Each structure stands twice: as C-alpha cells, then as structure tokens.
Amino acid sequence: MKKFGGPALFLDRSDINTDEIIPAKYLTEITKQDLKPYLLEDLKLPGFDPKSEKTTGAGVTVSRANFGCGSSREHAPWVFEVNGINAVIAQSFARIFRQNMFNCGMAAIELSAEQIDRLFSYADAADVNIDIDVENANLTIKGGGRQESMRFEISPFDKALVLAGGWVDYADTKY
C-alpha cells in the first residue's frame, strides 16, 4: 500500500493558485517529469525558496484556505506528484484541484482552521513529519519533540480513488 505523507512543507498563505504551483508557460512540456524543476517557481512568500532542501525534500504540503484556485489544469497535482509530494493539507481547496488530486491517487485533506493552526505550530521545527493513514482517515504530525494525531473526513469514493492509485487504476479494477 502506498505511503502518504513525509517531511512537511508549510506554505502559510490562502489562495495559492495553480499558476503559482506550476506556471502556465510550462504547460507545453510533454511529460510529468519535465515539470519537476518548476514546482512553486512563481510562489511569493517571505523566506520561501522553491529550490530549497525543505521544498525539494517534502512529502506533504500544508497550507491555508482555497488551495489550488485558478485554472483547472491537471498539471498542478502532477508537479506535486513528480516531486514526491503525495498529499496536500489545507483548510479548503478549489473544487477542481481537489478532485484532480483524488483522480491522480493523491490525498487532498481538508481540516478546520483550528487544526490547520495546530499544524502550523510545528512549522519552525526542523524535523516535522506528517504520516497520513488514508484508510482510517487519520494523520499524525511529529516534530520538535511533540506529536499529535488528527482525524479528517474523506468520502468513501474519494478514499477508494486514492487507495487505488487514482481514477485509471480504480476504473481498471471496477470496469
């Protein structure tokens, strides 16, 4: 079974759009792998470096509300996937981005503002890791000598998509 989570990348802003996730000028690339170097290239946050080890070594991203707003391109989840990030945790997602994540077999986890704030309380620790158990709808964050678990909601169908590895793999087993 696929492992979800890993070292955490914190993006402390709402309304991060798909052009900031993967700039439109790269949408003509032929493969997902060709997108890899451009993850979050246009994201402007104080102190953020898209080429830093914290970014390139991440397995999960934590952000605020309305993550993935903008255009409906599948390239936004793809660029996370090709960079080893298989889960995004936010207070809310743009509807199409969220569904594209599930369709690609990736986890898009919505938590309350309070839970997101609790996750961000770990952001300054050097060793933050988030393990996600999609099957049981639970995540555990560890870092700075602390640890806590949180439950999340995921519909049975979206869970099935994620656990199958995405829409194509799900369809292969069902049809």
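Structure: above.
Read on for a plain summary of the structure. (Residues numbered from 1 in each chain as written. Predicted model: local features only at pLDDT ≥ 70, side-chain atom pairs only at ≥ 80, totals over all residues. Heavy atoms only, no water.)

Section: the sheet that holds strand β7 (residues 146-151)
With mixed pairing, the seven strands of this open sheet are ordered in space as β4-β3-β2-β1-β5-β6-β7. Edge positions in the sheet fall to β4 (107-110) and β7, since each of these pairs with one other strand and no more. Here the strands of the sheet are splayed against their neighbours by 25 degrees on average, with no regard to which way each runs. Where strand β5 (residues 129-133) meets strand β6 (residues 138-143), five bridges bridge the pair, whose relative direction is antiparallel. Within β6, the position partnered with Ile130 by the bridge is Ile141. Helix-sheet contacts for helix α5 (residues 95-103) involve β3 (87-90) and β4, and the interaxial angle to β4 is about 135 degrees. (Pairing = 2+ DSSP bridges. Helix = DSSP H or I, 4+ residues; strand = E, 2+ residues; numbered from the N terminus. Axes fitted to C-alpha atoms, helices over the stretch in contact; angles between N-to-C directions. Contact = heavy atoms within 4.5 Å.)

Focus on unusual backbone geometry
Positive phi, close to 60 degrees, is recorded for Asp15, a residue that is not glycine. Counting through the fold element by element, Asp15 comes out in the loop between β1 (4-10) and α1 (18-21). Taking relative accessible area as the criterion, Asp15 reaches 40% and is therefore assigned partly exposed. Backbone geometry places Asn66, a non-glycine residue, at a positive phi of 60 degrees. Tracing the chain through its elements places Asn66 in the loop between β2 (60-62) and α4 (75-82). (Buried < 20%, exposed > 50% of the residue type's maximum accessible area, 1.4 Å probe, protein only.)

Observations regarding the state of the cysteines
For the structure on display, the rule yields zero disulfides. In this structure Cys69 is a free cysteine whose sulfur lies 18 Å from that of Cys104, the closest cysteine sulfur available. The exposure class of Cys104 is buried, given its relative accessible area of 12%. (Disulfide = S-S within 2.5 Å.)

Notes on the pairing of β1
The element β1 is extensively covered by neighbouring structure, given that six of its seven residues are classed as buried. With four bridges joining them, β1 and β5 adopt antiparallel strand pairing. Counterpart to Pro7 in the pairing with β5 is Asn129. The sheet contact formed by β1 and β2 spans three bridges and is parallel. If you follow Ala8 over to β2, its bridge partner there is Val60.

Remarks on the packing of α4 against α5
Axis separation between α4 and α5 bottoms out at 9 Å; the angle between their running directions is 45 degrees. Compared by their axis directions, α4 and α5 come out oblique. In terms of crossing hand, the pair formed by α4 and α5 is right-handed. Taking contact as the criterion, the partners of Ala76, Pro77 and Phe80 in α4 are, on α5, Phe97, Asn100 and Met101. Across the contact of α4 with α5, the residue classes tally to five nonpolar, one polar and no charged. (Parallel < 35°, antiparallel > 145°, perpendicular 65-115°, else oblique. Left-handed = near helix turned anticlockwise from the far one by under 90°. Nonpolar A, V, L, I, M, F, W, Y, C, P; charged D, E, K, R; others polar.)

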